[in-house]
Amino acid sequence: MKWPLTFFALLLAASAYASPLQPVALKCEYSTNPLGIDVAVPRLAWNFSSTERNQRQSAYEIIVSDKLALINQQKGDQWNSGKQSSDQNIQVAYAGAPLRPLTRYYWRVRVYNQAGEASNWSEVNWFETAMLSTAWKAKWINDGKPQPAKDEDYYKPDGMPLLRTVFTTARKPVAARLYIAGLGYYEAYLNGQKIGNSVLDPGFTAYRKQILYAVHDITTMVKKGNNVIGIMLGSGWWNPLPFKFFGRWDFRDYQQTGRPCVKAELHIRYDDASEEVIATDESWKGTSGPVIQNNVYIGEHYDARLEPQHWNSATTPGGVWSNAVVANGPEGILMAQLQPPIRVTKTVRPVKIIAYKPGVFIADMGQNFAGVASIRVKGKAGTSIVLRYGEDLFPDGSLNVMTTAATQIKKGGIKGGPGAPETMWQEDRYILKGEGVESWHPRFTFHGFRYVEITGWPGQPSVDDIEGLRMNTDLQQNGSFACSDSAFNRLHDVVQWTFLSNVFSVQSDCPGREKMGYGADIAVTANAYMYNYNMAGFYTKTVTDFANDQQPDGGITEIAPFTGIADRGYGGASGPLGWQLAFPYVQELLYNMYGDKRIIENNYEAIKKQLDFLQSKARDNIFYWDISDHEALDPKPEALSATAFYYQHASIAAGFAGILGKTADSVRFAQLAQRIKQAIISKFFLPGTGRFDNGTQSAQLFALWYGFSPEKENSMKALLQEFERHQWHVSTGIFSTKMLFDVLRENNMAAAACRIAQQKDYPGWLYMLNSGATTLWEAWHAPGTVYSANHPMFGSIDEWFYRSLLGINAAAPGFKKIIIKPQPAGGIHWARGQYQSVMGNISSAWQMQNGQFALQVDIPVNSSATVYIPCAANAKITESGQAVTVQRYEDGYAIVELGSGNYQFIAQ
């Protein structure tokens, strides 16, 4: 077939005027098409696709409409930004008409490159507002049962509430949404089908201040005629057992708690624009369910004989139902949940079933992780199957439950209080109803484990009868890393398992024993988490958690949400300085990694209040106690570390004031930081030696990481002498381990870093792996019966894989400017990986072969990069076969400046 000449003319004209720059990957509040947001002024962002290098945005246009037809016609009746001369493509604040609640808004963007060429309009994206400031019609309801009068009664069987209602629709809706907060946890069903695929919803918060609710699109689930909505409630963190953490702190003394309850609204819209709302109130029906015991620490007991028949699907269910009761729910503000929900993200099959002794079997899952076991079993009604969880086995082959016993409450040691088990191990129990093959897994708890002890099983279980459900906040994977060192690849994999085991709406220190958001564990691993996952929504919640529990005097708690633990703090319920540091430091990282200025604006007054508190507690700008460098093997430099943390608080506050244009505050806080630094040098520095305090690895790393030393060369020499004294093994703790790899990276000492990281015997990472660890340990030595075997803090090394071996670093907030500086060492001859930044994908892949260093990099559109290519001085550098103009040679690198695009360098 011959095409007319006019066709080719049009094609040529189109290609002549088409911009090589196109917007893609649109986001609202870091999410693609978020279903429910309670943000009055959401922030928009986009990346780019391009067929050419060196592309930049010079302007953009955004249109927003609540009518899909208009947006398809490229009209924005809610906001038309017009052409804005700006290179900003992240954190662009909506500036249109005030957003209405419960409304879907559609939006598109087009952009102009540096030559002024306009792109096509982007694909249509949307965001949907949730309740915003609208008053809820729903009431908090539950089954009306009173809470136990005595602590010991909390441990008795107590059927958790089942709640339900029937509603009728005359026709199928065009849209239906469920807005729901069920405390502590809930599962919701419509016509017998589970709503959504999240678990352990909603996220844990300080309920007196804030409660999170989820939004579910259930349009396709609503049918014409009668519909049944059913809700099963669990205790979660809202209805905790009254045991005393570490024998001292009862969580219920510090947070608002109560009997499980729910507040929910189902909004239905029809094709004639009419709407209907079904809200929780006293007209709903309730009864006791089959979950007869449940707790986030010690597990769930489920009696299947107590399941009311068709309770969540039939108009007339089994069981005895009575009217629900309006409950005294939590006092906090309801906010739509913006962090990703917890989901089952992987199924883990056991590698073997061990017959330990008659009637006792142990399933070896082959991997330590967080979640629950799921079973398939057939047996007589009343048969009770008990699942106990542990991270290890004792030498005699029995289950070691001790490393995950709740807050170290164990027989013969710490006591949990009236009614508490002598040893608070993790245990689930299922009682069969005796109807064919029964499938079950716990709903309202999670465990840390590799092994599952099974007793009461009818017959002998097989590997097909049990599986592990790995659960975690469903974070988007943003990074990847691999290199020629197989041990480092294995370590990177172990870090992933460890990190994902410790994100259950809060970032915990361990998923079995404590499950709490300790500030220090968060601070030292936050950067490593950010290189691996999209942490923007998750860490925004983390900052909010600390702000919610800020004490009246300004102190920040050790843990958020606060559980009462305040170890070596400075009065009231404040935590030690290193643990308080999570509050400002995570904000700083959110700004550096994602360009998020709003998080600083929203929390600035709280930061000032915290710093005022710290100033009131310092003595001559010095602090004298702290938990310090937890799990360091040498004596801890306690006063030095405490004062260094104080310095960091002041420095961050000065930086925040500068970002916000508060010049007087910035000067005042910077002067405070300088006074603290001088006090540290005066008190802890030994002139002429470069040594600080006790001169340990920890002490030297604190001095070098913070830039305290007036004799940097001597201080570095003293640090290396300490490593030589330890035969190049670590003696570092929670903070100095993170600092170690930063200091060595910043000083081009990759060989030393590799030498330390590649040690195969105790103490070190490869010692853990060679000892059978599948997740990182809490301490450098084996966990035994005390320490957690699934602890993220030493996973801070994973940041070094990205920042040193791959060399990917931000040179401006949000990776607007990038540094690519790979540091090959340790016999590693290739490495490759990528990081999905808010600006777009950044990749680095290098190989050393036949006397050449080959480096391939991807720089996202609208960013620029300084690339460091390892080579000899004045070596010839080519890119895609063409000679490269090198800006300069420095410290074993050729340095070139790049715009966006894919580049392939070879250094001779």
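Look a little higher up for the structure.
As the structure is a computational prediction, the values presented were derived from the model and not from experiment.

Caption draft 1: Molecular detail of the overall build of the chain. Tallying secondary structure elements over the chain gives 16 helices and 50 strands in all. Dimensions along the principal axes, computed over C-alpha positions, put the chain at roughly 85 × 85 × 60 Å. Restricting the contact set of the chain to residue pairs at least 6 apart, pairs at least 24 apart contribute 74%. Surface accessibility of the chain: about 33200 Å² in total, with carbon and sulfur atoms responsible for 49%. Separation between the mean location of the 83 positive side-chain charges and that of the 83 negative ones in the chain comes to 3 Å.

Caption draft 2: View of helix 16 (residues 797-805). Burial of helix 16 is extensive: 9 of the 9 residues sit out of reach of the surface. Of the positions making up helix 16, those classed as buried are Ile797, Asp798, Glu799, Trp800, Phe801, Tyr802, Arg803, Ser804 and Leu805. Residue Gly807 follows helix 16 closely and has a positive phi angle near 80°.

Caption draft 3: Spotlight on unusual backbone geometry. In the segment running from Leu183 into Gly184, the intervening peptide bond is cis, with an omega of -5°. Among the secondary structure elements, Gly184 is positioned in the loop between strand 11 (175-183) and strand 12 (185-190). In this structure, the amide linkage connecting Tyr762 to the following residue, Pro763, adopts the cis form with an omega of -10°. Inspection of the secondary structure puts Pro763 in the loop between helix 14 (750-757) and helix 15 (765-770). One non-glycine residue, Asn33, lies in positive phi territory at about 50°. Among the secondary structure elements, Asn33 is positioned in the loop between strand 1 (21-28) and strand 2 (43-50).

Caption draft 4: Seen up close, the pattern of salt bridges. Tallied over the entire structure, the rule returns 46 salt bridges. In this structure, the salt-bridge partner of Glu307 is Lys433, at a minimum N-O distance of 2.9 Å. Taken together, the residues Glu307 in the loop between strand 23 (299-303) and strand 24 (322-323) and Lys433 in the loop between strand 33 (426-431) and strand 34 (438-440) connect sequence positions 126 residues apart. On the basis of relative accessible area, Lys433 is assigned to the partly exposed category, the value being 28%. Measuring nitrogen to oxygen at the nearest pair gives 2.9 Å for the salt bridge that ties Asp364 to Arg450. A residue pair is termed long-range when its members are at least 10 positions apart, and Asp364 in strand 29 (residues 360-377) and Arg450 in strand 35 (residues 447-455) qualify at 86 residues. Across the pair, exposure class does not vary: Asp364 and Arg450 are buried alike. It is possible to trace a salt-bridge network through shared partners that takes in Lys738, Asp742, Arg745, Glu746, Glu799 and Arg803.

Caption draft 5: Spotlight on the sheet that holds strand 2. Taken together, 3 strands build an open sheet; the order of strands is 1-2-6 and the sheet is antiparallel. At either end of the open sheet lies a strand with only one pairing partner, and these are strand 1 and strand 6 (92-93). Pairing between strand 2 and strand 6: 2 bridges, direction antiparallel. For Arg43, the partnering residue across the bridge sits in strand 6 and is Ala93.

Caption draft 6: Fine view of the nonpolar core. Counting residues in hydrophobic clusters, the biggest one holds 230 residues, and the most contacted among them are Tyr213, Phe243, Tyr539, Tyr594, Trp800, Ile869 and Phe905. A total of 13 residues in this core trace back to one element, the largest contributor, which is helix 9 (residues 638-659). When neighbours within four sequence positions are excluded, Trp800 is seen to be in contact with Phe488, Phe741, Ala750, Ala753, Cys754, Ala757 and Leu805. Core analysis: the next-biggest nonpolar cluster, separate from the first, contains 25 residues, Ala188, Ile231, Leu233 and Trp284 among them.

Caption draft 7: Region of the structure containing the environment of Arg171. Take Arg171: it is sitting in the loop between strand 10 (161-169) and strand 11. Within polar-contact distance, the side chain of Arg171 engages the side chain of Asp271 at 3.4 Å. Polar contacts involving the side chain of Arg171 include one to the side chain of Asp272, which spans 2.9 Å.

Caption draft 8: Fine view of the sheet that holds strand 24. Reading across the sheet, the 6 strands line up as 13-12-16-10-21-24 and stay open at both edges, with antiparallel pairing between neighbours. The outermost strands of the open sheet, each flanked by one partner alone, are strand 13 (193-194) and strand 24. Where strand 12 and strand 13 come together, 2 bridges link them in antiparallel fashion. Opposite Leu190, over in strand 13, you have Gln193 as the bridge partner.

Thresholds applied
- Residues numbered from 1 in each chain as written.
- Predicted model: local features only at pLDDT ≥ 70, side-chain atom pairs only at ≥ 80, totals over all residues.
- Heavy atoms only, no water.
- Helix = DSSP H or I, 4+ residues; strand = E, 2+ residues; numbered from the N terminus.
- Contact = heavy atoms within 4.5 Å.
- Areas by Shrake-Rupley, 256 points an atom, 1.4 Å probe, with all protein chains shown as cover.
- Lys, Arg positive; Asp, Glu negative; His and termini not counted.
- Charge placed at Lys NZ, Arg CZ, Asp CG, Glu CD.
- Buried < 20%, exposed > 50% of the residue type's maximum accessible area, 1.4 Å probe, protein only.
- Salt bridge = Lys/Arg side-chain N within 4 Å of Asp/Glu carboxyl O.
- Pairing = 2+ DSSP bridges.
- Core = buried A, V, L, I, M, F, W, Y, C linked by side-chain atoms within 4.5 Å.
- Polar contact = N/O pair within 3.5 Å; in protein donor to acceptor, adjacent residues only side chain to side chain.

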